[in-house]
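# Fold and contact review
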Amino acid sequence: ETGVTQSPTHLIKTRGQQVTLRCSSQSGHNTVSWYQQALGQGPQFIFQYYREEENGRGNFPPRFSGLQFPNYSSELNVNALELDDSALYLCASSYWASRNEQYFGPGTRLTVT
Amino acid sequence: AQKVTQAQTEISVVEKEDVTLDCVYETRDTTYYLFWYKQPPSGELVFLIRRNSFDEQNEISGRYSWNFQKSTSSFNFTITASQVVDSAVYFCALSETWSNDYKLSFGAGTTVTVRA
């Protein structure tokens, strides 16, 4: 059974640029959630995708957007990057029926300069 | 408002000592779930335990045990006979079912250092 994978591992971007982060869910999982974890803090919920539609969103501006594909993989897009967007971005997958039993990937470390 | 509070920022122990991590949560939901996750230096969050609000039975799983008390809104976690490999940041999380996404709300985490 393949676990949750994320790419890239690390990324450095300049303020104002756009970035796309990718996530492949664990085999069989049809729901994907994204979290942002700033240094020294707990993860914060960004949004969740199920059946290729957004199923819930945390307190993040519209420049944070996402996609889910038919194979359940997902992308997180962030436009107009700000310095405060520097964080570890975590993807978690689950079955819809037990969508709070989430299994996390290793994360993507984004640095905005 | 913070839904999950982990008052302990850092705990340092010597190997084989027991470690208890405190977690206090806040919710108006009647059906909710509580979790503990471990985050080693590699960064990946590792699922440890999940309890639902209707099951206050405290259990032991290997070296892990937990104490869930609805009356005080607490969900404490204990590592017995700690080992160096237990060094990590531990997060308590709450999932409320009133929101269709059942999102996880995390505390700020407690850094555990186990010294040999």
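See the structure shown above.
I will try to describe carefully the structure that is included in this document. All residue numbers refer to positions counted from 1 along the written sequence of the respective chain. Whichever chain is written first is A, and whichever ligand is written first is 1; the rest continue in order. Given that the model is predicted, a residue must reach a pLDDT of at least 70 before its local features are reported, and side-chain atom pairs must reach 80 or more before they are shown or counted; all residues, however, enter totals for whole chains, interfaces and linings. Values reported for side chains reflect all heavy atoms of the structure, with hydrogen atoms and water molecules removed beforehand.

### Description of the interface of chain A and chain B
Contacts between residues were defined by any pair of non-hydrogen atoms, one from each residue, lying within 4.5 Å. Every contact between the two is made by 23 residues of chain A and, on the other side, 20 residues of chain B. Computed with a 1.4 Å rolling probe, the buried area is the accessible surface lost when two parts are put together, summed over both parts. Sorting the residues of chain A by area buried against chain B places A:Arg99, A:Asn100 and A:Phe104 first, and these three jointly supply 35% of that buried surface. By definition here, a salt bridge exists when the distance from a side-chain nitrogen of Lys or Arg to a carboxyl oxygen of Asp or Glu is within 4 Å. For the pair chain A and chain B, the interface holds one salt bridge. Polar contacts, as counted here, are pairs of nitrogen or oxygen atoms within 3.5 Å of one another; within protein the pair requires one atom able to donate a hydrogen and one able to accept it, and residues that are adjacent in sequence qualify only if both atoms are side-chain atoms. Joining chain A to chain B, the criterion identifies nine residue pairs in polar contact (both at pLDDT 80 or more). Those elements that provide at least two residues to the side of chain A that touches chain B are strand S4 (31-37), strand S5 (44-50), strand S6 (53-57), strand S9 (87-94) and strand S10 (103-104) of chain A. Secondary structure counts use DSSP, requiring at least four H or I residues in a row for a helix and at least two E residues in a row for a strand, with both numbered from the N terminus. At three residues, the largest contribution of residues to the side of chain A that touches chain B is made by S6(A). Split by residue class, the side of chain A that touches chain B holds nine nonpolar, eleven polar and three charged. Lys, Arg, Asp and Glu make up the charged group, whereas Ala, Val, Leu, Ile, Met, Phe, Trp, Tyr, Cys and Pro make up the nonpolar group; the residues left over, Gly among them, are polar.

### Some thoughts on the sheet that holds strand S8 (residues 74-78) of chain A
Residue and element names in this part refer to chain A. For two strands to pair, DSSP has to find at least two bridges joining them. Strand order in this open sheet of four strands is S1-S3-S8-S7, and the pairing throughout is antiparallel. The strands lining the two open edges of the sheet, one partner per strand, are strand S1 (5-7) and strand S7 (64-68). Put simply, the sheet's adjacent strands are angled 20 degrees from each other on average, direction ignored. Axes here mean lines fitted to C-alpha atoms, for a helix over just the part in contact, with angles spanning 0 to 180 degrees between N-to-C directions.

### Overview of the pairing of S4(A)
Residue and element names in this part refer to chain A. We call a residue buried when its accessible area falls under 20% of the maximum for its residue type, exposed when it is over 50%, and partly exposed in between, using a 1.4 Å probe and counting protein chains only. Counting buried positions along S4 yields seven of seven residues, so the element is predominantly enclosed. The alternating pattern of S4 places Thr31, Ser33, Tyr35 and Gln37 on one face and Val32, Trp34 and Gln36 on the opposite face, and all of these are buried. Examined bridge by bridge, S4 and S5 share six bridges and lie antiparallel to one another. Within S5, the position partnered with Val32 by the bridge is Tyr49. Counting the residues that bridge the hairpin from S4 to S5 gives six residues, and of these Gly40 lies at a positive phi of roughly 80 degrees. Relative to S9, S4 runs antiparallel, the two being bridged by seven bridges. Paired with Gln36 across the two strands is Tyr89, which belongs to S9.

### So, the pairing of S7(A)
Residue and element names in this part refer to chain A. Where burial is concerned, the two faces of S7 differ: the one with Phe64, Gly66 and Gln68 is buried and the one with Ser65 and Leu67 is not. Where S7 lies against S8, five bridges are found, and the strand directions are antiparallel. Counterpart to Gly66 in the pairing with S8 is Leu76. Between S7 and S8, which pair antiparallel one after the other, the connecting turn spans five residues, and Tyr72 there sits at a positive phi close to 75 degrees.

### Brief notes about the side chain of B:Ser65
With respect to the helices and strands, B:Ser65 occurs in strand S8 (residues 64-69). Not counting residues up to four positions away in its chain, the partners in contact with B:Ser65 are B:Glu59, B:Ile60, B:Asn76, B:Phe77 and B:Thr78.

### Re the state of the cysteines
The disulfide criterion is simple: two cysteine sulfur atoms within 2.5 Å. Here the structure, examined in full by the defined rule, presents two disulfides over all chains. With a sulfur-sulfur separation of 1.8 Å, A:Cys23 is cross-linked through a disulfide to A:Cys91. Here the S-S torsion is close to -60 degrees, and the disulfide linking A:Cys23 with A:Cys91 is therefore left-handed. Highlighted residues: A:Cys23 in strand S3 (residues 19-24) and A:Cys91 in strand S9, separated in sequence by 68 residues. Exposure remark for A:Cys91: the relative accessible area of 0% places this residue in the buried category. Each disulfide pairs two cysteine sulfurs, and for B:Cys23 the partner residue is B:Cys92, the sulfurs being separated by 2.0 Å.

### Observations regarding the layout of surface pockets
In the cavity and pocket records, a cavity denotes points on a 1 Å grid over the protein atoms alone where a 1.4 Å probe fits but cannot get out, a pocket denotes an open set with protein on both sides within 12 Å along at least 5 of 7 lines, and lining residues are residues with an atom within 4 Å of a point. Grid points are joined across faces, edges and corners, and a volume is the space filled by probe spheres set on the points. The calculated volume of the largest pocket comes to roughly 430 Å³. Forming the walls of the largest pocket are 24 residues, and the residues nearest its centre are A:Gln37, A:Gly40, A:Arg109, B:Gln39 and B:Val89. Every element with two or more residues in the lining of the largest pocket is listed here: strand S10 (88-96) and strand S12 (110-115) of chain B. Looking at the lining of the largest pocket element by element, the count peaks at three residues for S10(B). Taken together, the residues that form the lining of the largest pocket break down as ten nonpolar, 13 polar and one charged.

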